[in-house]
Amino acid sequence: MSTTTSGWRADAAVLGVQPFRRLFASRLAAVLGNAMVAVALAFGLLDADGSGAGRVGLVLGARVVAQMVFLLAGGVLADRWPRRSLMAAAELVAGLSLAGVAVLLLVGDPPLGWVLALMAVNGAASALYMPAAAGIVPTLVRAGQLHGANSLLRLSENVGAVVGAALAGVLVAAAGAGWALVVTAGLYLVSAVLLAGMRARHVPRAEPPTLLGDLAGGWRETVSRQWVWVVVVQFSVVNACFSGLTRVLGPVVALQEYAGPASWSLVLTAEAVGLLVGGAVALRVRPRRPVRAGVLAVLLLVPPLVLLALQAPVLLVAAAMALGGVAVTVFDVLWATALQQHVPGEALSCVSSYDALGSFALAPVGLALVGPVSAVLGTRATLLAGAGLVAAATLASAAAPGVRRLAAVDR
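Calculation notes
Residues numbered from 1 in each chain as written. Predicted model: local features only at pLDDT ≥ 70, side-chain atom pairs only at ≥ 80, totals over all residues. Heavy atoms only, no water. Patch = residues over 30% accessible without salt bridge, like charges linked within 9 Å, V, L, I, M, F, W, Y side chains within 5 Å. Areas by Shrake-Rupley, 256 points an atom, 1.4 Å probe, with all protein chains shown as cover. Salt bridge = Lys/Arg side-chain N within 4 Å of Asp/Glu carboxyl O. Helix = DSSP H or I, 4+ residues; strand = E, 2+ residues; numbered from the N terminus. Buried < 20%, exposed > 50% of the residue type's maximum accessible area, 1.4 Å probe, protein only. Contact = heavy atoms within 4.5 Å. Core = buried A, V, L, I, M, F, W, Y, C linked by side-chain atoms within 4.5 Å. Phe/Tyr/Trp six-rings, centres within 6.5 Å; stacked < 30°, edge-to-face > 60°. pLDDT = per-residue confidence, 0-100. Axes fitted to C-alpha atoms, helices over the stretch in contact; angles between N-to-C directions. Parallel < 35°, antiparallel > 145°, perpendicular 65-115°, else oblique. Left-handed = near helix turned anticlockwise from the far one by under 90°. Nonpolar A, V, L, I, M, F, W, Y, C, P; charged D, E, K, R; others polar. 1 Å grid on protein atoms, 1.4 Å probe; cavity = no way out; pocket = protein on both sides within 12 Å on 5 of 7 lines; lining within 4 Å. Points joined across faces, edges and corners; volume = space filled by probe spheres on them. Expected span 1.5 Å × (residues − 1). Bend = angle between axes of the 7 residues up to and from the residue.

## Some words on a nonpolar patch on the surface
Where nonpolar side chains cluster on the molecular surface, the patch consists of Leu362, Val365, Leu369, Val373, Val376 and Leu377 and spans about 520 Å² of accessible area. Secondary-structure assignment places Leu369 in helix α15 (residues 363-377). Given a relative accessible area of 48%, Leu369 falls into the partly exposed group.

As structure tokens, this is what we get:
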């Protein structure tokens, strides 16, 4: 017990570093806002009878497309410009874009083209922020404080996701989606102000003359490992189906069968709690075949889709989403550890970028197609078909020889 207590004290001590404390507060504000965006947008664009799912899918898809398109550009800029400045500018742009959407919703019947454009800007800002955020922590704290700093940042993200999902439902139900987005925009602007006042060491970097060569080398490292590209393909399907179905059709089912925004907020809050609990579970999971175990855990994303299709009681759907959240965190931990253990350090970042881009490549397609497909097949059939695709992709991935045989590295 004393060792655990001292460990927590050591981790918490990094909050005494003023620049890191600002980053911690900034990340918490931004994650709170990010957790609210999908809920507020969904209920702002859906009609009273639950129709309009196609609009929701297109808008959320535009955000994801912009994130993917500008992600590599964000990495290049983060290597050339001061990361703190790039992060602050990105948060400012993200907040202003959401403020624009909020105004459109408050005025009434927002033009879809304007909403799409503003959310694409929001996604581009997010893409510029993420690579800079990934590299700024070592410029704020000492090497011995990195573990504690990263642990606390993960805690802020999990807490923000839980509180943000709950707050979004309350605000939408009480004041409407437009005012919920006003609050969301304000949180991003708070994050920008905190970052603007943060002091960080700027590490001068030489112009990378072999950028294309590094990208080509990372691609070779990715495709030469079956267990990497198979799981990336699996998650391209899983993310397209699960995100599209839950973020677009979930609110539709909530409006038609449950208590609307409050019910759906409960479901998303349960998912966020599951993500939080999954961190504790992952600490105790040490499988001999980590990637296969993590892949099989993803099967827990199937029950929420089936239960939504069957219009099961909302508490049962929430419980299933919580278990799905646990599974996602366990997979994330096992997957990150496997990459760190089996991919050469000089190629790890590039392989990770291909992993992220590939895993979410079909997510915009899923978001865009869910509405039209459900209009033809119906909500229930679309949810069941998506559940089947998630299960099939996961089982196929788990059966691949590279995934089945990859063993944990003894430390």
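From this point, things continue past the structure.
## Describing the environment of Val170
Tracing the backbone shows Val170 in helix α6 (residues 146-175). Accessibility expressed as a relative area gives 52% for Val170, which makes it exposed. Sequence spacing of Val170 and Ala180 is ten residues, and the spatial spacing of their C-alpha atoms is 8.8 Å.

## Considerations on the environment of Leu98
Within the secondary structure, Leu98 is located in helix α4 (residues 83-107). Considering only alpha carbons, one finds Leu98 and Val37, 61 residues apart in sequence, at a separation of 8.5 Å. Other than its neighbours up to four places away in sequence, Leu98 contacts Val37, Met119, Asn122, Leu181, Thr184, Ala185 and Tyr188.

## Details of the nonpolar core
As a rule of thumb, nonpolar side chains are buried together in soluble globular proteins. Core analysis: the biggest nonpolar cluster contains 105 residues, and Leu23, Trp227 and Val291 have the highest contact counts within it. If you tally residues by element for this core, the top one is helix α9 (residues 226-257), at 15 residues.

## A closer look at the packing of aromatic side chains
How two aromatic rings sit relative to each other is given by the distance of their centres and the angle of their planes. In the structure shown here, the tally under the stated rule is four aromatic pairs. Ring geometry for Phe20 and Phe24: centres 6.5 Å apart, planes at 45°, overall tilted. Taken as a pair, Phe20 and Phe24 lie in helix α2 (residues 18-45) at a separation of four residues, close to a single helical turn. By the burial criterion, Phe20 is buried, and Phe24 matches it. The interplanar angle of 15° and the centroid separation of 5.8 Å between the aromatic rings of Phe331 and Trp335 together place this pair among those described as stacked.

## A short note on the environment of Leu275
In this fold, Leu275 is placed in helix α10 (residues 261-284). For Leu275, a relative accessible area of 25% translates into the label partly exposed. Between the C-alpha atom of Leu275 and that of Val326, which follows or precedes it by 51 residues, the distance is 5.0 Å. With residues up to four places along the chain from it excluded, the contact list for Leu275 reads Asn158, Gly325, Val326, Val328 and Thr329.

## Notes on helix α12 (residues 302-309)
Judged by how many residues are buried, α12 sits mostly within the fold: six of eight residues are covered. Of the residues trailing α12, Gln311 is marked for its positive phi of about 55°.

## Digging into the confidence of the model for the protein chain
Per-residue confidence for the protein chain gives a mean pLDDT of 80, with 83% of residues at or over 70. Between residues 1-7, whose pLDDT stays under 50, and residues either more than four places distant or in other chains, the model counts zero contacts.

## Observations concerning the packing of α4 against helix α7 (residues 177-196)
Two quantities define a packed helix pair, namely the angle between the axes and the distance from one axis to the other. The N-to-C vectors of α4 and α7 enclose an angle of 165°; their axes lie 8 Å apart at closest approach. Relative to α7, the element α4 is oriented roughly antiparallel. With respect to the hand of their crossing, α4 and α7 are arranged in left-handed fashion. Class assignment for the residues of the contact of α4 with α7 results in 21 nonpolar, four polar and two charged.

## Considerations on empty space enclosed by the protein
Counted by the stated rule, this structure contains one cavity of 30 Å³ or more. Of the voids in this model, the largest cavity is the one considered here, and its volume is about 50 Å³. For the lining of the largest cavity, the secondary structure elements donating two or more residues are α2, α9 and α10. Considering every element that reaches the lining of the largest cavity, the biggest residue donor is α2, with three residues. Its residues assigned to classes, the lining of the largest cavity shows six nonpolar, no polar and one charged.

## Observations regarding α15
Its 15 residues place the ends of α15 20 Å apart at the C-alpha level, agreeing with the 21 Å of an ideal helix rising 1.5 Å per residue. The largest bend along α15 measures about 35° and falls at Leu369, with the proline Pro372 one to four residues further on. If you check which residues of α15 are buried, you get Ala363, Pro364, Gly366, Leu367, Val370, Gly371 and Ser374. Taken from the residues just after α15, Gly378 is the one with a positive phi, measuring 100°.

## Overview of unusual backbone geometry
The phi torsion at Gln311 lies on the positive side, around 55°, for a residue other than glycine. Take Gln311: it is sitting in the loop between α12 and α13 (314-342).

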